[in-house]
Amino acid sequence: MKGVTLLGATGSIGANTLDVLARHPDRYRIEALTAHRDVAGMTALCRRLQPRFAVMADPAAAAELTQALAGSPTEVLAGSAGLERVATLPEVAIVVAAIVGAAGLLPALAAARAGKRILLANKEALVMSGRLFIDAVVAGGAELLPVDSEHNAIFQCLPPGFDRGLDGTGVTHILLTASGGPFRETPFEALAAVTPDQACAHPNWEMGRKISVDSATMMNKGLEVIEACWLFGLPPERIRVVIHPQSLVHSMVQYADGSLLAELGRPDMRTAIAHALAWPERIDSGVAALEPPALAQLDFSEPSLERFPCLDLAYRAARAGGGAPTVLNAANEVAVAAFLDGALPFPAIARVIAECLEHAPAELPADIEAILALDGTTRPLATAACIRHAGGGA
Ligand code: NDP
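Description of the structure in this document.

Calculation criteria
- Residues numbered from 1 in each chain as written.
- Predicted model: local features only at pLDDT ≥ 70, side-chain atom pairs only at ≥ 80, totals over all residues.
- Heavy atoms only, no water.
- Phe/Tyr/Trp six-rings, centres within 6.5 Å; stacked < 30°, edge-to-face > 60°.
- Helix = DSSP H or I, 4+ residues; strand = E, 2+ residues; numbered from the N terminus.
- Buried < 20%, exposed > 50% of the residue type's maximum accessible area, 1.4 Å probe, protein only.
- 1 Å grid on protein atoms, 1.4 Å probe; cavity = no way out; pocket = protein on both sides within 12 Å on 5 of 7 lines; lining within 4 Å.
- Points joined across faces, edges and corners; volume = space filled by probe spheres on them.
- Nonpolar A, V, L, I, M, F, W, Y, C, P; charged D, E, K, R; others polar.

Within this structure, the stated rule accounts for 3 aromatic pairs. Judged by centre distance (5.1 Å) and plane angle (80 degrees), the ring pair of Phe 183 and Phe 346 falls under edge-to-face. Note that Phe 183 is positioned in the loop between β8 (171-178) and α8 (196-200) and Phe 346 in the loop between α13 (324-340) and α14 (348-357), a separation of 163 residues in sequence. The same class applies to Phe 183 and to Phe 346, which are both buried. Centre to centre, the rings of Phe 339 and Phe 346 are 5.5 Å apart; their planes meet at 65 degrees, and the pair counts as edge-to-face. Joined through ring pairs, the aromatic side chains of Phe 183, Phe 339 and Phe 346 make up one cluster.

The next point concerns empty space enclosed by the protein. Per the counting criterion, the structure on display carries 1 cavity of 30 Å³ or more. When its volume is computed, the largest cavity comes out at roughly 40 Å³. Looking at the lining of the largest cavity, the elements that each hand over two or more residues are α7 (149-157) and α11 (270-278). Broken down by element, the lining of the largest cavity gets its largest block of residues, 4 residues, from α7. For the lining of the largest cavity, the per-class residue count stands at 2 nonpolar, 5 polar and 2 charged.

Below, the discussion takes up unusual backbone geometry. Most peptide bonds are trans, and most residues other than glycine sit at a negative phi. A cis amide bond links Trp 279 to the next residue, Pro 280, at an omega of 5 degrees. Take Pro 280: it is sitting in the loop between α11 and α12 (309-320). Even without being glycine, Gln 50 reaches a positive phi, approximately 50 degrees. Relative to the helices and strands, Gln 50 is located in the loop between α2 (39-49) and β3 (53-56).

Right, dumping it as structure tokens:
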């Protein structure tokens, strides 16, 4: 019986994780659930699942939840101290890092330092802190298992015993597949008028709104390139992105002998979550098998960097290193939030990020405080750029 803390329980990955956990009550016990402000969602989850702890990152929401759960066995905690506490509980073996954005960094890092098995969905945490996060995983004796379906697929296609470094494995490069999102074939001139709801209508995956917009710009794939660099110890030149609209091949690993290993499955996050929960065992995820007729058409093509400038920006940030990935992530979070608020046209997301990257420091931030400071100084720059680009001008 393993104790589980689920960071980001009210989100899309949160719901998928709870679905998998519910299939295995004999293996996993939910100790703690967390959310930001969704009091109604957390009240319902806590009444149903009765975790020992429930954390609301927002203190006012924590006060509301305390009232709503009066008389229940669940203790309500608040703020970042509450998140870090439940990420490090001694009775917890597994921490699912499924908060969206930079807000997930500190609790994920706390779990790393405490030596937990971390199921990493929150790619922004690794992108913004890179080497420092990996160092914390190694120093804390933690296990970092990817839940992002592409990285989970790569992990499944790597040789057993791989430990963040592919020297001597015969791996030449990895191929990250990308659906191309909802605007893969939209005429360029129509992109300026696309709405948040259109951007969030992903053709294959049901996800939270931020990652859905990232998929539409392909910044999601760019963040995944940086995530893959850190998870697998590869430079960006050895990570290729390939458009695969069917989203059935979740990613591939190319070997020196010509073998191309791929992991295939339905586009359903429960497969990757179940894999990372039970690894190296295999358990039921609730996902139906992929029948061969579904594989009749598998298309692959190169992404256009003209159509997807955010992918280009992410590769540039990966190559530049230093503070560039932290700046890229912070600027993207601000620009995507502005687009979702109806305050920035879709094509201007890339322009805002490009402008912020011009201010990225060449040197690597020395510690997590420096990472958070760089994230903090980038956000007002990005907000100012969003205001300049609100009308859609170049
Ligand atoms: P959602 O927006 O659906 O859920 C986000 C979760 O994070 C919610 O529980 C939310 O709480 C919580 N949260 C938001 N802001 C804060 C904050 N400031 N402090 C603490 N908690 C916060 O996101 P997804 O589930 O789609 O994505 C989560 C992460 O997983 C992202 O990093 C994404 O890139 C990654 N991912 C997602 C995939 C998917 O299929 N959805 C696939 C691969 C990766 P509340 O509800 O109260 O706002």
